[in-house]
Amino acid sequence: MRYPDFSLTDKVCIVTGASKGLGQGTALALANAGAHVVVTSREAERVEPVAAEIQELGRQALPLALEVREVDSIKAMVGATLERFGRIDILVNNAGINIPEPALDVSEENWDRLMDINLKGLFFCAQKVGQVMVSQGQGKIINIGSQMGFVGGKLRAAYCSSKGGVVQLTKVLAIEWAKHGVNVNGVAPTFIKTPFTAAMFEDKKFYQEVVNNILFGRVGEVEDILGAVVFLSSPAADLITGHTLLVDGGWTIR
């Protein structure tokens, strides 16, 4: 019998939006599992501290600038990764934003910015890395979505639309690329404490509404998400594709 293998020893991973929060935690978790990690942000300097932490774990790290709204920037990032490592085994599409506002007030500018980062950018990162993985005959792509891709949320018309798109896109890429040995899955967190959500949780009424919808009565921590990402990146998940794993504390089952 072959027992589950969760090791990522010497795998080459890319994590987008890796300067803080979930992206930073993901990069370090993958490195802790044995992987070498390319960490990206709009400015490479923002991910240099994360790269240093990865190197302290005995893994190789490459901090790169990436503007996910620009396909040429994505191509350059993929090219730099291949130049350094020669292959790409895992992509974690983590970069994303939210602009909370009533649906009646959403501007075209804000809608386009959110979609360009959360959906367009995610797709073209997956496409350009997917081209490499298809040629290799193997690879794992993990798209970071949200529980809001499954349920509605006030002040999140554009955000819910983008994350619902991520869920469907994950299925399509899984269908098209399975024959090439590429797994495409997603992870959909509930509300997580990060530097990006800190200001949001300062609203005590909002915070209590969130907690009331999570069966365990608490907001998620970055650490709550990392196991799902490492699992889907590992050989233990070789027969899983097109699935988005909800890490939502039970929010969506009601």
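Above: the structure in question.
Residues numbered from 1 in each chain as written. Predicted model: local features only at pLDDT ≥ 70, side-chain atom pairs only at ≥ 80, totals over all residues. Heavy atoms only, no water.

1. Some words on the packing of aromatic side chains
Next up, step 1: For the structure shown, the criterion picks out 7 aromatic pairs.
Next up, step 2: Plain terms: the ring middles of Phe123 and Phe124 are 4.9 Å apart, the flat faces sit at 75° to each other, and that makes the pair edge-to-face.
Next up, step 3: Taken together, the ring pairs in this structure connect Phe191, Phe201, Phe206, Tyr207 and Trp251 into an aromatic cluster. (Phe/Tyr/Trp six-rings, centres within 6.5 Å; stacked < 30°, edge-to-face > 60°.)

2. So, the nonpolar core
Next up, step 1: With 43 residues, the main nonpolar core has Ile141 and Phe191 as its most contacted residues.
Next up, step 2: Where this core is concerned, the elements lending two or more residues are strand 1 (12–15), strand 3 (61–65), helix 3 (71–85), helix 4 (108–136), helix 5 (157–177), strand 6 (182–189) and helix 7 (204–213).
Next up, step 3: Look past the residues within four positions of Ile141 in its chain and what remains in contact with it is Leu91, Asn93, Ala126, Gly130, Met133, Trp177, Val182, Asn183, Val184 and Asn185.
Next up, step 4: Core analysis: the next-biggest nonpolar cluster, separate from the first, contains 34 residues, Ala61, Val222, Ala228 and Leu232 among them. (Core = buried A, V, L, I, M, F, W, Y, C linked by side-chain atoms within 4.5 Å. Buried < 20%, exposed > 50% of the residue type's maximum accessible area, 1.4 Å probe, protein only. Helix = DSSP H or I, 4+ residues; strand = E, 2+ residues; numbered from the N terminus. Contact = heavy atoms within 4.5 Å.)

3. Topic: the pairing of strand 4 (residues 90–93)
Next up, step 1: Burial along strand 4 is two-sided: Ile90 and Val92 facing one way and Leu91 and Asn93 facing the other are all buried.
Next up, step 2: Examined bridge by bridge, strand 1 and strand 4 share 3 bridges and lie parallel to one another. The residue of strand 4 that forms the bridge with Ile14 is Leu91.
Next up, step 3: Two elements, strand 4 and strand 5 (residues 139–144), share 4 bridges in a ladder whose sense is parallel. Counterpart to Asn93 in the pairing with strand 5 is Asn143. (Pairing = 2+ DSSP bridges.)

4. Quick notes on the pairing of strand 1
It is a general feature of regular strands that their side chains alternate between the two faces of the sheet.
Next up, step 1: Here strand 1 shows no split at all, with Val12 and Ile14 on one side and Cys13 and Val15 on the other all buried.
Next up, step 2: Bridging between strand 1 and strand 2 (residues 36–41) involves 4 bridges; their strand directions are parallel. Note that in strand 2 the partner of Cys13 across the bridge is Val37.
Next up, step 3: Handedness of the crossover is the feature at issue here: the chain leaves strand 1, passes through helix 1 (residues 21–32), returns alongside strand 2, and the resulting connection is right-handed. (Right-handed = clockwise from strand over helix to strand, strands pointing away.)

5. Thoughts on the environment of Asp10
Next up, step 1: Structurally, Asp10 can be placed in the segment before strand 1.
Next up, step 2: For Asp10, a relative accessible area of 41% translates into the label partly exposed.
Next up, step 3: With 231 residues separating them in the primary sequence, Asp10 and Thr241 have C-alpha atoms 22 Å apart.
Next up, step 4: Not counting residues within four places of it along the chain, the set of residues in contact with Asp10 comprises Gly34, Ala35, His36, Arg87 and Asp89.
Next up, step 5: A distance of 3.0 Å separates polar atoms of two side chains, one belonging to Asp10 and the other to His36. (Polar contact = N/O pair within 3.5 Å; in protein donor to acceptor, adjacent residues only side chain to side chain.)

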